[in-house]
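# Overview (structure and organization)
If you want the building blocks of each chain, they are given just below.
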Amino acid sequence: MDDDLEHALVAVGPRLRALRRQRETTLADLSAATGISVSTLSRLESGSRRPTLELLLPLARAHGVTLDELVDAPPTGDPRVHLRPVVRNGMTMLPLSRRAGGIQAYKLVIPAGSARRTPEPKTHEGYEWLYVLNGRLRMVLGEQDLVLSPGEAAEFDTRLPHWFGAADAHAVEFLSLFGQQGERAHLRARPKAKQEPAP
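Residues numbered from 1 in each chain as written. Predicted model: local features only at pLDDT ≥ 70, side-chain atom pairs only at ≥ 80, totals over all residues. Heavy atoms only, no water.

### Brief notes about the sheet that holds strand 5 (residues 137-141)
Keep this limit in mind: Pairing between two strands requires that DSSP report at least two bridges joining them. Secondary structure elements are taken from DSSP: a helix is a run of H or I of four residues or more, a strand is a run of E of two residues or more, and numbering for both begins at the N terminus. What counts as an axis is a line fitted to C-alpha atoms, over the stretch in contact for a helix, and the angles between N-to-C directions run from 0 to 180 degrees.
If you trace the three strands from one edge of the open sheet to the other, you get 6-5-8, paired in antiparallel fashion. Of all strands in the sheet, those bounded by a partner on one side alone are strand 6 (144-148) and strand 8 (162-166). For this sheet, the mean inter-axis angle between neighbouring strands, taken without regard to orientation, is 20°. One ladder, built from five bridges, connects strand 5 with strand 8; its direction is antiparallel. Each bridged residue has a counterpart across the sheet, and for Val-140 the counterpart in strand 8 is Trp-163.

So this is what it looks like as C-alpha cells:
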C-alpha cells in the first residue's frame, strides 16, 4: 500500500478524537448522531479499527468537516473553497470557515415566505455574534422579542433561550459567528474625532 495513504489512515484516529474533544462531545453523543456504536468509535479513535468510507462519511457530517479534512488529504492545487450549504429548521446555513473548533462563521438565509414563524427557543453551550445583511430579522432572546434591521448586530450567550425568524414575508440574510463557551466576538468603535471649538 502507498506510504502516504497508510500514513493518512493511521492519522484519522487521533484527528477524530481531537475533533470530538474540541466540540466537547462524548462518544455516546457521537454514537447517537451517527448510528455508529460507541465501541466502534472508540476503536477508530485508538487506531485499532481501520476507517472505511461507510464510517467516515457520517463522522465528517457530524463534525461539520469535509472528508478531505477528516483524512488530511493533500491539497489538489485548486485554491477555491468548496462550501456546501445545509438546510436546517427552515434556514439555509452556508459555512464560511473550515477550521475545526474555535470560532465558526456562517451566512444564514431565511427565505421569503418562510414557514419559520412560530418561535421555538433553544439553548446550547457557546457564544454567538450576528450581523444582519438584508431583510428584517426577528430575534427572540430570553424574554425579549426584537427586530434587527440591516447593519444591526447582536451578541449573546447561547445558554439563553434564543430563536431567529423573518420579521415579515421577505427573506433575511445574516452572518453568524459562533464559538465555544467563553469565546466572544467583540466590535470596537473608533473613538470620535475631537470637536473643534467654535470660533
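Having seen the model, we can carry on.
### Let's talk about the confidence of the model for the protein chain
Applied cut-off: A residue's pLDDT is the predictor's confidence in that residue, given on a scale from 0 to 100. Note on definitions: a residue-residue contact is assigned when non-hydrogen atoms from the two residues lie within 4.5 Å.
When pLDDT is averaged along the protein chain, the result is 80; 77% of the residues meet or exceed 70. Within the model, pLDDT remains below 50 along residues 182-192, and this stretch shows eleven contacts once partners closer than five positions in the same chain are excluded.

### Here's the deal with the side chain of Glu-45
Which entries qualify depends on this criterion: Buried residues are those whose accessible area, probed at 1.4 Å on protein chains only, stays under 20% of the maximum for their type, while exposed residues exceed 50% and partly exposed ones sit between those limits. For the purposes of these results, a polar contact is taken to be a pair of N or O atoms within 3.5 Å, where, inside protein, one atom must be able to donate a hydrogen and its partner to accept one; residues adjacent in sequence count only when each atom of the pair is a side-chain atom.
Positionally, Glu-45 belongs in helix 3 (residues 38-46). With relative accessibility at 5%, the residue Glu-45 sits in the buried group. Among the polar contacts made by the side chain of Glu-45, one reaches the side chain of Arg-20 at a distance of 2.7 Å. When near neighbours in sequence (up to four residues on either side) are disregarded, Glu-45 contacts Gly-13, Pro-14, Leu-16, Arg-17, Arg-20 and Leu-27.

### So, the environment of Val-12
By the element assignment, Val-12 lies in helix 1 (residues 3-22). Judged by its relative accessible area of 1%, Val-12 is buried. Sequence-wise, Val-12 and Glu-69 are 57 residues apart; in three dimensions their C-alpha atoms are separated by 9.8 Å. The residues touching Val-12, leaving out its near neighbours within four places in the chain, are Pro-51, Leu-56, Leu-70 and Val-71.

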